[in-house]
Amino acid sequence: MTDIRLEGIVKSFDGRAVFDGLTLTIPAGETTCVMGPSGCGKTTLLNILAGLVKPDGGAVTGVPERVAFVFQEDRLCEAFLAVSNVRLVTGKRVSREAVAAALGELGLGESLDQPVASFSGGMKRRVAVARAVLYGAELLLLDEAFKGLDEERKRLTMDYIKAHTAGKTVVCVTHDPEEAAYLGGRIVELGTP
Amino acid sequence: MAKGPVQKALAILAALIVWQAAAELVGIDFLLASPLQVAARLATIWRESGFWSTVAFSMSRIVGGFMTAFILGIVLALLAGRFPLVETFLWPYVVTIRSVPVASFIIISLIWLTGRQLAVFISFLMVFPMIYANVLQGIKSADGRLLEMTALYRVPWTRRLLYVYAPNVQPYLTSACSVALGTAWKAGVAAEVIGVVDGSIGEKLYESKIYFMTADLLAWTVIIVLISVLFEKLFLFLMKKAFAGMEKL
């Protein structure tokens, strides 16, 4: 596993520059928290790392083949159970029991038989986290993954991520310095270009 | 619009009274049979020899045409959803089928096909564009963010179909089937009448007209409506079960 290198990244949307030559190294196997004011390009950075947005210029190297992403929105299949939502991405690589155990660890053990549509915002968030972690990618991207969770559940979810992503590269976008401190690792501050 | 069951029953009763009054006013059975005459005919018609074989003949062909259109409509819509070129190439056929009057198709089909194949083909033609267009619409309106998520996680297309597209397509397909089932019966029987297809419900309707047996004509009409409604309810129930069962796959 190699470090991820972003060199001279240029990106603009509708003529508004988000990155104008951003250069950044994300150490492999470590956690990096990205912070900065709204509109500074935190989500764009994750989208570039995930390959969902192509930069206008510059180069990105070292991104592993498999990437997991907890998007700002939950992006769950609402009509299906939490277990099914996770197994949608893991397939048979992860057993139904293992998924149920992971959801139990995240405090969702009582809701395994209910469709995700009946879940609260915080419950959906945790399903999205379980899905990303169980996918087993070398790079995990978290875009405000703990938004909408109360303090207790936020800690529970962060502990779950820390316990199951040891040795993997984690990039976490957050507004909350406490979250960044709890997750540990390096903090990168993005400014306005 | 009548909503409650009591209101609906009262509305039906009122309509039957109007029909009975109209029949008595006309006073000529072969011009307008009364509901009582039709009910009396219905009580005996199903016991006549050949009744069940006639129903089975028409039903197998109309349902056959519907099912062929249902399956082909879904398959081609899936292909068109994935490969835009398929949609482009299918477009002239779909537009033609939709805009040409059913009577024209029936007459052309009489030249091409045997009477026994007629209802299958006509039902198919009427149902196919509805299923195809609605399923395609459902596919196109799938949540782009969910599709982006499944692409990132490299979810195979079959699973994407089941989890992302199927729940989206379900309301479109249900509403299309609800309309298409009735249309299949109407168009299928119309084809049998025009083609005077031997051994079909359409032939019975045609004979009723020739011999001025209005009570028979209306009794067969009631039978068509009953079979059509029962089949629609059964089909939509099974389809709902099938969609619910997808979770377990």
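Residues numbered from 1 in each chain as written. Chains lettered and ligands numbered in written order. Predicted model: local features only at pLDDT ≥ 70, side-chain atom pairs only at ≥ 80, totals over all residues.

Attention shifts here to the overall build of chain B. Regarding its fold elements, chain B presents 10 helices and zero strands. Order of helices (α) and strands (β) in chain B, N terminus to C terminus: α-α-α-α-α-α-α-α-α-α. Referenced to the eigenvectors of the C-alpha coordinate spread, the extents of chain B come out at roughly 75 × 50 × 30 Å. Counted over contacts in chain B with a minimum sequence separation of 6, partners at least 24 positions apart contribute 74%. (Helix = DSSP H or I, 4+ residues; strand = E, 2+ residues; numbered from the N terminus. Contact = placed C-beta atoms within 7 Å.)

Contacts between the two partners involve 12 residues from chain B, matched on the other side by 15 residues from chain A. Looking at the side of chain B that touches chain A, the elements with two or more residues in it are helix 7 (144-152) and helix 8 (157-195) of chain B. Classifying every residue of the side of chain B that touches chain A by side-chain character gives eight nonpolar, no polar and four charged. (Nonpolar A, V, L, I, M, F, W, Y, C, P; charged D, E, K, R; others polar.)

One can find Gly-51 of chain A in the loop between helix 1 (42-50) and strand 4 (57-61). Look at Gly-51 of chain A and you get exposed, because 12 C-beta atoms sit within 10 Å. (Buried ≥ 20, exposed ≤ 12 C-beta atoms within 10 Å, placed from the backbone.)

On to the sheet that holds strand 4 of chain A. Residues and elements named next belong to chain A. Spatially, the three strands line up as an open sheet ordered 2-1-4, and their pairing is antiparallel. In this open sheet, the two edge strands, each paired with only one partner strand, are strand 2 (16-26) and strand 4. Neighbour-to-neighbour, the strand axes of the sheet open up by a mean angle of 20°, direction not taken into account. Alignment of strand 1 (residues 4-13) against strand 4, held across four bridges, turns out to be antiparallel. Residue Arg-5 lies in a different strand from strand 4, and its bridge partner there is Thr-61. (Pairing = 2+ DSSP bridges. Axes fitted to C-alpha atoms, helices over the stretch in contact; angles between N-to-C directions.)

Residue and element names in this part refer to chain A. Between the first and last C-alpha of helix 4 (residues 121-134) there are 20 Å, a value that for 14 residues agrees with the 20 Å anticipated at 1.5 Å per step. Among the residues of helix 4, Met-123, Lys-124, Arg-125, Arg-126, Val-127, Ala-128, Val-129, Ala-130, Arg-131, Ala-132, Val-133 and Leu-134 are the ones counted as buried. Positive backbone phi, approximately 75°, marks Gly-136, located one or two places after helix 4. (Expected span 1.5 Å × (residues − 1).)

Attention now moves to unusual backbone geometry. Although it is not a glycine, Arg-75 of chain A adopts a positive phi angle of roughly 50°. Of note, Arg-75 of chain A is situated in the loop between strand 5 (67-70) and helix 2 (82-90). With 21 C-beta atoms packed within 10 Å, Arg-75 of chain A lands in the buried category. Here Phe-212 of chain B, not a glycine, exhibits a phi torsion of approximately 55°, which is positive. Secondary-structure assignment places Phe-212 of chain B in the loop between helix 9 (201-210) and helix 10 (214-245).

Residue and element names in this part refer to chain B. Those residues of helix 9 not exposed but buried are Ile-201, Gly-202, Lys-204 and Leu-205. Seen end-on, helix 9 carries its buried residues on one side only, within an arc spanning 160°. On its buried face, helix 9 is in contact with helix 3 (51-82), helix 8 and helix 10. Directly beyond the C-terminal end of helix 9, a positive phi value near 55° is found at Phe-212. (Arc of directions from axis to C-beta.)

A few words now on the sheet that holds strand 3 (residues 31-35) of chain A. Residues and elements named next belong to chain A. Read from one edge to the other, the open sheet built from five strands follows the order 5-6-7-3-8, with strand pairing classed as parallel. Each having just a single partner strand, strand 5 and strand 8 (186-189) make up the two edges of the open sheet. The sheet shows a mean angle of 15° between the axes of neighbouring strands, taken without regard to direction. Relative to strand 8, strand 3 runs parallel, the two being bridged by four bridges. Each bridged residue has a counterpart across the sheet, and for Cys-33 the counterpart in strand 8 is Ile-187. Here helix 4 sits on the sheet and contacts strand 5 and strand 6 (139-143); the angle it forms with strand 5, its principal contact strand, is near 170°.

With that out of the way, let us pick up the nonpolar core. Grouped together as the largest cluster of nonpolar side chains are 115 residues, with contacts concentrated most on Leu-141 of chain A together with Val-127 and Ile-131 of chain B. Leave out the neighbours within four places in its chain, and Val-127 of chain B touches Gly-65, Phe-66, Ala-69, Phe-70, Ala-180, Thr-183 and Ala-184 of chain B. (Core = buried A, V, L, I, M, F, W, Y, C linked by C-beta atoms within 7 Å.)

Another point: the confidence of the model for chain B. Predicted coordinates in areas of low pLDDT are best not read in detail. Summarising the model, chain B shows a mean pLDDT of 92, and 98% of its residues fall at 70 or more. Both confidence scores are given for the complex: pTM 0.81, ipTM 0.92. (pLDDT = per-residue confidence, 0-100.)

All right, on to the environment of Leu-152 of chain B then. Position of Leu-152 of chain B among the secondary structure elements: in helix 7. The exposure class assigned to Leu-152 of chain B is buried, which follows from the 22 C-beta atoms found within 10 Å. The residues contacting Leu-152 of chain B, other than those within four sequence positions of it, are Ala-50, Leu-52, Val-67 and Phe-69 of chain A.

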